[in-house]
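An overview of the molecular structure
In case you want the letters, here they are:
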Amino acid sequence: MDYRKLGPSGTVVTAYCLGTMTFGAEADEAASHKLLDDYFAWGGNFIDTADVYSAGKSEEIIGRWLKARPTEARQAIVATKGRFPMGNGPNDIGLSRRHLSQGARRFAPPPRPRADRPLPDACLGRTDADRGNAALP
């Protein structure tokens, strides 16, 4: 498997990213987990998904696979997209802080702060509404 640096981040990913658009639709959870198992066995570490893939099922399947395989999870790089519509409302689409925060909360609980490492206000999991401000940007 060939590896590349992901832009200036220094993160190393495989040249071939595993697309997961069919997870939860054409590929059920067992088949999806088999594809992930095989991809990682071949040296892969880069997974592409989006919140609209199978209405969020793709991200859920990937999340359960990562939770069940902590060794692979430590090496995995998951690229997701959150711009696409997830409902009919005016705030259910786009790259607004609100839409992206809601998407992040839908599939992952907010990180728990540790006493020795408090979370910054700029953390994606915290919005102005979380801090009690009525106006969102």
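All of the points below concern the structure found in this document. Keep in mind it's a predicted model, so treat the numbers as computed, not measured.

Bringing the overall build of the protein into the picture now. Along the backbone of the protein there are four helices and five strands. Tracing the protein from N to C terminus, the helices and strands come up as β-β-β-α-β-α-α-β-α. Scored against the burial criterion, the 137 residues of the protein give a buried share of 28%. In the protein, the proportion of contacts linking residues at least 24 apart, taken out of those at least 6 apart, comes to 56%. Accessible surface, the protein as shown: approximately 8800 Å² in total, 57% of it carbon and sulfur.

Centre-to-centre distance and the angle between the planes together describe a pair of aromatic rings. All told, the structure shown has two aromatic pairs when counted by the stated rule. Relative to F40, the ring of Y39 has its centre 5.7 Å away and its plane inclined at 80°; by these criteria the two rings are edge-to-face. Its relative accessible area of 6% is what places Y39 among the buried residues. F40 sits in the buried class, given a relative accessible area of 12%. Judged by centre distance (4.9 Å) and plane angle (50°), the ring pair of F40 and W65 falls under tilted. Remark: W65 occurs in helix α2 (residues 57-68) and F40 occurs in helix α1 (residues 29-41); sequence separation between them is 25 residues. Assigned by exposure class, F40 and W65 land together as buried. A connected cluster of aromatic rings, assembled from ring pairs, spans Y39, F40 and W65.

Right, let's talk about the sheet that holds strand β4 (residues 46-48) for a bit. Pairing is parallel across the open sheet formed by three strands, whose spatial order is β3-β4-β5. If you trace the sheet from one side to the other, it starts and ends with β3 (18-19) and β5 (77-79), each paired once.

Within the largest apolar cluster, 14 residues are counted, with the highest numbers of intra-cluster contacts made by F23, L36, F40 and I62. Only α1, β4 and α2 provide two or more residues apiece to this core. The greatest single-element share of this core, amounting to four residues, is contributed by α2.

What counts as what
- Residues numbered from 1 in each chain as written.
- Predicted model: local features only at pLDDT ≥ 70, side-chain atom pairs only at ≥ 80, totals over all residues.
- Heavy atoms only, no water.
- Helix = DSSP H or I, 4+ residues; strand = E, 2+ residues; numbered from the N terminus.
- Buried < 20%, exposed > 50% of the residue type's maximum accessible area, 1.4 Å probe, protein only.
- Contact = heavy atoms within 4.5 Å.
- Areas by Shrake-Rupley, 256 points an atom, 1.4 Å probe, with all protein chains shown as cover.
- Phe/Tyr/Trp six-rings, centres within 6.5 Å; stacked < 30°, edge-to-face > 60°.
- Pairing = 2+ DSSP bridges.
- Core = buried A, V, L, I, M, F, W, Y, C linked by side-chain atoms within 4.5 Å.

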